[in-house]
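Secondary and tertiary structure notes
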Amino acid sequence: MTIRSVRCLSRLQTGQPVGIQIVVSSVRIVNARSPAGKREYEMRSLAAASDAGSEMPYIDLDAYLGEGGGARGRIIAAAARLFRDRGYQQVTMQDIAGAIGLSKAGLYHHCPSKDLILADIVGLCGQILTRQLQTAGASDGTPRERLHRFVVTRMETIAQYQDFFTIVYQERPYLGTSTFGSIAKSAEAYRAGVRDLI
């Protein structure tokens, strides 16, 4: 079931009866016992939690950059190369596991789904650009020099993490609602930071 909106229809302080309106856009039965159904159920639960206000559990940029981010960082880097070369839909978890020398079960231990790997990539892109903006904004010099430094370092940053940024643009249709919402928030904060820099 996909819940599009929930609205409270009562005024508790006046003693009127409580009523809740729920608008449902679709209902789908998922067999949580099958591996595919279990993963889908887990993703829908995660998306529902995120839509309710919690943040997606992105990998932290410092954790990713430190020692390559460990196993999860290697998984993200390998998946990014595969997603960029073959497209998100054509890459399987088995492909990702094979690219880094893990069994499929070992991969699932670190990353429970391909959707979460994509969400990590999107989250890292936001963190990378935010860090680049903060560094350029905190540098010495005139406003013109800081703006020049911002433009140059942004291009260098995008070139350095080209796999990640290419994926964000080419795989946008496959981003879940909660991931896309998180991107929109990050993008607005980033644009506000750029306006402040200018």
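Here, every reference points to the structure presented above.
Here we summarise the structure given alongside this text.

The rules behind the values
Residues numbered from 1 in each chain as written. Predicted model: local features only at pLDDT ≥ 70, side-chain atom pairs only at ≥ 80, totals over all residues. Heavy atoms only, no water. Helix = DSSP H or I, 4+ residues; strand = E, 2+ residues; numbered from the N terminus. Contact = heavy atoms within 4.5 Å. Expected span 1.5 Å × (residues − 1). Phe/Tyr/Trp six-rings, centres within 6.5 Å; stacked < 30°, edge-to-face > 60°. Buried < 20%, exposed > 50% of the residue type's maximum accessible area, 1.4 Å probe, protein only. Arc of directions from axis to C-beta.

A word on the environment of Lys114
Along the chain, the position of Lys114 falls in helix α6 (residues 114-138). Measuring from C-alpha to C-alpha, the distance between Lys114 and Met93 comes to 6.6 Å, with 21 residues separating the pair along the chain. Dropping the residues within four chain positions of it, Lys114 is found in contact with Phe83, Tyr88, Gln89, Val91 and Met93.

Considerations on helix α3 (residues 70-86)
In this model α3 runs 24 Å from its N-terminal to its C-terminal C-alpha over 17 residues, within 8% of the 24 Å that 1.5 Å per residue would give. Where α3 is buried, its residues meet α2 (61-65), α4 (93-100), α5 (104-110), α6 and α8 (162-170). Backbone geometry just downstream of α3 places Gly87 in the positive-phi region, at approximately 95°.

Some words on the packing of aromatic side chains
Taken as a whole and judged by the stated rule, the model has four aromatic pairs. Between Phe150 and Tyr190, the aromatic rings sit 6.5 Å apart at their centres with planes inclined by 45°, giving tilted as the arrangement. With a gap of 40 residues between them, Phe150 in helix α7 (residues 143-160) and Tyr190 in helix α9 (residues 177-197) connect regions that are remote in the sequence. Tyr190 shares its class with Phe150; the two are buried. Taking 6.1 Å as the distance between ring centres and 20° as the angle between the ring planes, the aromatic pair formed by Tyr161 and Phe164 counts as stacked. You can call Phe164 buried: its relative accessible area is 4%. Feature note: the residues Tyr64, Tyr161 and Phe164 constitute an aromatic cluster, connected by ring pairs.

Observations concerning α7
Taking 1.5 Å of rise per residue, 18 residues should cover 26 Å, and α7 covers 25 Å from first to last C-alpha, within 8% of that figure. Among all positions in α7, only Phe150, Arg154 and Thr157 are buried. The buried residues of α7 occupy an angular sector of 70° when the element is viewed end-on, so they sit on one face. Within α7, the exposed residues directed more than 90 degrees away from the buried face are Arg144, His148, Ala159 and Gln160.

Purely geometric stuff here, so don't read any function into it on its own.
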